[in-house]
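This is what each chain is made of:
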Amino acid sequence: MTIGNFRDLLRVVIVDDEPLAREGVRVRLQRAGGVAILGESGDGDHAIALIRDSHPDVVFLDIQMPGRTGIEVARAIGLVDCPHYVFITAYDAHAISAFEVNALDYLVKPIADERFNAMLDRARSAVATQERAALAQRLGDLLSNLQGSASDPKPESAGKLTVRVANRIILIAPGDIDWIGASGDYAELHVGAKVWLMRESLSALETKLAPLGFARIHRSTIVNTDRVVELKALDDGEYTVVLRDRTPLKLSRNFRHSLPVLLQSKD
């Protein structure tokens, strides 16, 4: 472990069933410096326990392992308070599944030093941005509470969602949002070509936005029904929800109760 303030280090866990592969990642991380290796694991079940106990910033995760695969490990951890994942494998056939579980990067063996170092820079940036956003959120909440106790809310901000970006507070009208996706501790607000990160659970946003014409169509997706132009039935009982800009979203079977709301929006 590199000497220094522990919180300034990138806290990582290495998961791979091959000891030599774990050693290779470990050596590269130690060579790069600024990293605290919280632990290593060679199987999926132990990896889940290790990740939940140690709360790392980044997990280097092999996909092909005995028992649970790396994808299954990430899905077991879930998207709430989850780390960033860097999947490492000898095959690239699992890339799409990897990014479905919040992957930061996907490395195919053998990994060039330049590619590894670029990934590490990206990981540091992602963790630093997340921590700054969390700090800004706490500061913004404090200021909002102080302002609310001193005076009534301003009419122009009523009903709008607040997004903290560095030292700015962005106000977003719900009607401008196309759809919302889950991203770890954050919600991604898709507004035209822009994506804003808001530290709010989808469940809380669902409750807040349902009266305004929004519907939950997936555990990680809320859609503005005014943007829906087409529904495509799939063989497995699910649907593809197509928005005005032709963005396709999945309506899962667990949220088929939202169909009447979507269909009503087409009338």
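Definitions and limits used
Residues numbered from 1 in each chain as written. Predicted model: local features only at pLDDT ≥ 70, side-chain atom pairs only at ≥ 80, totals over all residues. Heavy atoms only, no water. Buried < 20%, exposed > 50% of the residue type's maximum accessible area, 1.4 Å probe, protein only. Helix = DSSP H or I, 4+ residues; strand = E, 2+ residues; numbered from the N terminus. Arc of directions from axis to C-beta. Contact = heavy atoms within 4.5 Å. Pairing = 2+ DSSP bridges. Axes fitted to C-alpha atoms, helices over the stretch in contact; angles between N-to-C directions.

(A) Examining helix H2 (residues 44–54) more closely. Among the residues of H2, those classed as buried are Gly44, Ala47, Ile48, Leu50, Ile51 and Ser54. Burial along H2 is one-sided: seen end-on, the buried residues are contained in an arc of 170°. Those residues of H2 that are exposed and aimed more than 90 degrees away from the buried face are Asp45 and Asp53. In this fold, the buried residues of H2 make contact with strand S1 (10–15), strand S2 (35–41), strand S3 (58–62) and helix H3 (70–77).

(B) The sheet that holds strand S13 (residues 228–233), seen in detail. Taking strand neighbours across the sheet as the criterion, the 3 strands line up as S13-S14-S15 in an open arrangement whose pairing is antiparallel. Looking along the sheet, the strands with just one partner apiece sit at the ends: S13 and strand S15 (248–251). Strand-to-strand twist across the sheet, computed as the mean angle between neighbouring axes with direction ignored, equals 30°. Pairing between S13 and strand S14 (residues 239–243): 5 bridges, direction antiparallel. Within S14, the position partnered with Glu230 by the bridge is Val242.

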